[in-house]
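# Residue-level structure breakdown
Below are the chains, spelled out letter by letter.
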Amino acid sequence: MTRATEPSDILWKNMKGVRGLFIFRRVVLFTVGLLIVFFLSSPAVIFMHFKKLDSNNLLNMDWTDKIPAGSFVRQNLPPLIIITINQILLQLIDIASLIESYETHSLYQKAVYMKSVIYLNLNMLIIPALTLT
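Computed from a predicted structure; not experimentally measured. Along every chain, residues carry numbers that run from 1 in the direction the sequence is written. Whole-chain, interface and lining totals are the exception, using all residues; otherwise, since this is a predicted model, local features are given only for residues with pLDDT of at least 70 and side-chain atom pairs are given and counted only at 80 or more. Side-chain metrics rest on all non-hydrogen atoms present in the structure, leaving aside hydrogens and water.

### A closer look at a nonpolar patch on the surface
- Each patch is built from salt-bridge-free residues with over 30% relative accessible area, joining like charges within 9 Å and nonpolar side chains (Val, Leu, Ile, Met, Phe, Trp, Tyr) within 5 Å. Calculation of accessible area relied on Shrake-Rupley with a 1.4 Å probe; when residues are assessed, cover is drawn exclusively from the protein chains displayed. Salt bridges are identified by distance alone: a Lys or Arg side-chain nitrogen within 4 Å of an Asp or Glu carboxyl oxygen. Taken together, the side chains of Leu 21, Phe 24, Val 28, Val 32 and Ile 36 define a hydrophobic patch exposed on the protein surface, amounting to about 430 Å² of accessible area.
- Take Ile 36: its relative accessible area is 40%, and that puts it in the partly exposed class. Relative accessibility under 20% of the residue-type maximum defines a buried residue, over 50% an exposed one, and the middle range a partly exposed one, all with a 1.4 Å probe and only protein chains included.

### Let's talk about the environment of Leu 11
- Each helix is a run of DSSP H or I of at least 4 residues and each strand a run of E of at least 2, with the numbering of both proceeding from the N terminus. Within the fold, Leu 11 resides in the segment before helix 1 (19-40).
- On a C-alpha basis, the gap between Leu 11 and Tyr 108 in space is 9.4 Å, while along the polypeptide they are 97 residues apart.
- Those residues in contact with Leu 11 that sit more than four places away from it in its chain are Tyr 102, Glu 103, Thr 104 and His 105. The criterion used for residue contact is that any of the two residues' heavy atoms lie within 4.5 Å.

### Quick look at the side chain of Thr 104
- As for its placement among the helices and strands, Thr 104 is situated in the loop between helix 3 (70-99) and helix 4 (105-132).
- Of note is the side chain of Thr 104, whose polar atom sits 3.1 Å from the backbone nitrogen of Leu 107.
- Apart from the residues within four sequence positions on either side, Thr 104 is in contact with Thr 5, Asp 9, Ile 10 and Leu 11. Two N or O atoms form a polar contact when they lie within 3.5 Å of each other; inside protein one atom must be a possible hydrogen donor and the other a possible acceptor, and for residues adjacent in sequence the pair counts only when both atoms belong to side chains.

### Some thoughts on the environment of Asp 94
- With respect to the element layout, Asp 94 can be found in helix 3.
- Owing to a relative accessible area of 22%, Asp 94 belongs among the partly exposed residues under this scheme.
- Counting along the chain gives 15 residues from Asp 94 to Gln 109, while the straight-line C-alpha distance between them is 9.2 Å.
- Excluding anything up to four places from it in sequence, Asp 94 contacts Tyr 108 and Val 112.

### Describing the pattern of salt bridges
- On inspection of all chains with the given rule, the structure shows one salt bridge.
- A salt bridge links Glu 100 to Lys 115; its shortest N-O distance comes to 2.9 Å. In this pair, Glu 100 sits in the loop between helix 3 and helix 4 while Lys 115 sits in helix 4, placing the two residues 15 residues apart along the sequence.
- For Glu 100, a relative accessible area of 1% corresponds to the buried category.

### Focus: the side chain of Lys 115
- On the basis of relative accessible area, Lys 115 is assigned to the buried category, the value being 14%.
- Those residues in contact with Lys 115, other than ones at most four positions away along the chain, are Phe 30, Ile 93, Ser 97, Glu 100 and Tyr 102.

Remember that the coordinates give geometry; whether it matters functionally is a separate question.
Below you can see the structure in the form of structure tokens.
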């Protein structure tokens, strides 16, 4: 026996459909998210892949020598791009939680929180520690 959910917490639009489909969708999206984190590992690695694909050498920052305050741009633009990639990945976590169609707002918020904590722990603590050793 469980306590009934507060009616204002229920997402009524997500109350339709087959329960097995919800579970399958959640498992698939969670697995895909973990695979992305493990294989791309961090926004810095994604930025390095973008640099390899850049045919114009725009991300090598050689063009900054020709502009005023070029050294400032050369030092600060790559970290800004990495932070932007990290924010995009966090937005994708939010979108994945929306697609999973949770029955209540609190379950949706809990899912976003748990996915974000797992991603940020892998991204900020575990993967950098493994690469340093």
